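# Coordinates in review
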Amino acid sequence: MTARLTLLFALVLLQSAAVQADALLRFVDSEGEQSEILVKGPYARMDMVNGGGGGTGFMLFNAGDRSLYIVDQTNRSYMRFDERVIDAQMQAMEQMIADLRAQIQQLPAEARAEMEAQLGLGVETGPVEVETRATGREQEIGGLRCEQKEIIVDGRVQHVACVAGPGELGLSLRDFDTLNALMGRLFDLSRRALDAGGPMAQAMGSSVMPPLDGVPLEVRDLRDGVSTRLAGISTDTLSPEFFRIPPNYREQEPF
């Protein structure tokens, strides 16, 4: 085999390895809460954390058809998470608000005004705008270079994220694209509620994460000071079982 053919063969092997590479990203916040995102080709799995109670399940995503499932390990069930679910949540919220308004109407005027102010029922709110803005600043976190981006909600900076590209993290482009597709799908579903406005949009706005076109090495919440960091990354091969819904789990309707 000539030197040129040997080099070509080696490059092909390297490219194949990059395409087949898997990824496991571990995150931890300043309060000690840990979570993971696993990626294998077009599939991604993301922990769902129940505040204070640890992980109760996970999301499964297929970048091929953009399908997203919520898997509940406690109840051994799963549910497709799509526009129907968001619409059902908004309808449930609207009904709850209507019921609250009806109950509050029975109160004396002063008490009614106080309750409406506390619950945010006195003012109708429109769509919530969420955008990302590059700051042009870079920093180093854990020996890795990243670019700072601000996440702005209704004109106010709520979070500052420092994101890195696939080359900095040693990720294959396919895994990187899958991660971006997952974040994009989650944001698109959230935006359905944000565009509708109202209390649900206001409640969601401060916690929604728009696509960042990169992996966040750190995200700082400017409201409460809590920060989340990338604690570790592995490109070892992951079992396909991580990306399957167990056969004994039952499908659950949204509502």
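Quick caveat: nothing in here was measured; it's all calculated off a predicted structure.

Let us look at the overall build of the protein chain. Summing up its helical and strand segments, the protein chain has six helices and twelve strands in all. Residue burial in the protein chain is summarised as follows: out of 255 residues, 37% are buried. Long-range pairs, those at least 24 residues apart, make up 55% of the contacts in the protein chain between residues at least 6 apart in sequence. Of the roughly 14700 Å² of accessible surface on the protein chain, 51% is carried by carbon and sulfur atoms.

Another point: the pattern of salt bridges. Summed over the entire model, instances satisfying the criterion amount to 13 salt bridges. The shortest N-O distance in the salt bridge between Asp 188 and Arg 191 comes to 2.8 Å. Here the residue Asp 188 and the residue Arg 191 both occupy positions in helix H5 (residues 173-196), the gap between them amounting to three residues, near one helical turn. Its relative accessible area of 30% is what places Asp 188 among the partly exposed residues.

If you check helix H2 (residues 83-104), its first and last C-alpha atoms are 31 Å apart, about what 22 residues at 1.5 Å a residue would give, namely 32 Å. All of the buried residues in H2 are Val 85, Ile 86, Ala 88, Met 90, Ile 97 and Ile 104. Between the side-chain oxygen at the start of H2 and the backbone nitrogen of Arg 84 there is a gap of 3.1 Å, and the oxygen is on Asp 82.

This paragraph deals with the pairing of strand S8 (residues 144-153). Where burial is concerned, most of S8 is hidden: seven out of the ten residues are buried. Here strand S7 (residues 130-141) pairs with S8 via nine bridges, running antiparallel. Its bridge partner lying in S8, Ile 141 is registered against Leu 144. Counted between consecutive antiparallel strands, the loop separating S7 from S8 contains two residues, among which Gly 142 sits at a positive phi close to 60 degrees.

What follows covers H5. For H5, with 24 residues, the first-to-last C-alpha span of 35 Å sits near the 34 Å given by 1.5 Å per residue. Residue Ser 190 marks the point of greatest curvature in H5, where the axis turns by about 25 degrees.

What follows covers the pairing of strand S6 (residues 77-80). Direction of pairing for strand S5 (residues 67-72) relative to S6: antiparallel, over a ladder of four bridges. Each bridged residue has a counterpart across the sheet, and for Ile 70 the counterpart in S6 is Met 79. Taking the residues between adjacent antiparallel strands as the criterion, S5 and S6 are bridged by four residues, where Arg 76 takes a positive phi near 55 degrees. Note: S6 against strand S12 (residues 250-251), two bridges, orientation parallel. Following the sheet pairing, Tyr 78 is matched in S12 by Glu 251.

Under the counting rule described, the total for this entry stands at one aromatic pair. Its end group placed over the ring of Phe 58, Arg 45 keeps NZ or CZ at 3.6 Å from the ring centre.

This part is about the nonpolar core. By size, the foremost hydrophobic cluster in this structure holds 31 residues, and its most contacted members are Leu 68 and Phe 81. Of the residues forming this core, the biggest block, six residues, is contributed by H5. Setting aside chain neighbours within four positions, we find Phe 81 in contact with Met 59, Leu 68, Tyr 69, Ile 70, Ile 86, Arg 185 and Leu 189.

Examined against the element boundaries, Glu 218 turns out to sit in strand S10 (residues 215-221). Of the residues examined, Glu 218 reaches a relative accessible area of 9% and is grouped as buried. In terms of polar contacts, Glu 218 uses its side chain to reach the side chain of Arg 229, at 2.9 Å. Ignoring anything within four residues of it in the chain, the contact list for Glu 218 reads Gln 139, Ile 141, Val 160, Ala 161, Cys 162, Ser 227, Thr 228 and Arg 229.

Our next topic: a negative patch on the surface. Side chains of Glu 129, Glu 131, Asp 154 and Asp 195 sit close together on the surface and give a patch of like negative charge. Position of Glu 131 among the secondary structure elements: in strand S7.

Reading guide: rules and limits
Residues numbered from 1 in each chain as written. Predicted model: local features only at pLDDT ≥ 70, side-chain atom pairs only at ≥ 80, totals over all residues. Heavy atoms only, no water. Helix = DSSP H or I, 4+ residues; strand = E, 2+ residues; numbered from the N terminus. Buried < 20%, exposed > 50% of the residue type's maximum accessible area, 1.4 Å probe, protein only. Contact = heavy atoms within 4.5 Å. Areas by Shrake-Rupley, 256 points an atom, 1.4 Å probe, with all protein chains shown as cover. Salt bridge = Lys/Arg side-chain N within 4 Å of Asp/Glu carboxyl O. Expected span 1.5 Å × (residues − 1). Polar contact = N/O pair within 3.5 Å; in protein donor to acceptor, adjacent residues only side chain to side chain. Pairing = 2+ DSSP bridges. Bend = angle between axes of the 7 residues up to and from the residue. Phe/Tyr/Trp six-rings, centres within 6.5 Å; stacked < 30°, edge-to-face > 60°. Lys NZ or Arg CZ within 6 Å of the ring centre and 35° of its normal. Core = buried A, V, L, I, M, F, W, Y, C linked by side-chain atoms within 4.5 Å. Patch = residues over 30% accessible without salt bridge, like charges linked within 9 Å, V, L, I, M, F, W, Y side chains within 5 Å. Lys, Arg positive; Asp, Glu negative; His and termini not counted. Charge placed at Lys NZ, Arg CZ, Asp CG, Glu CD.

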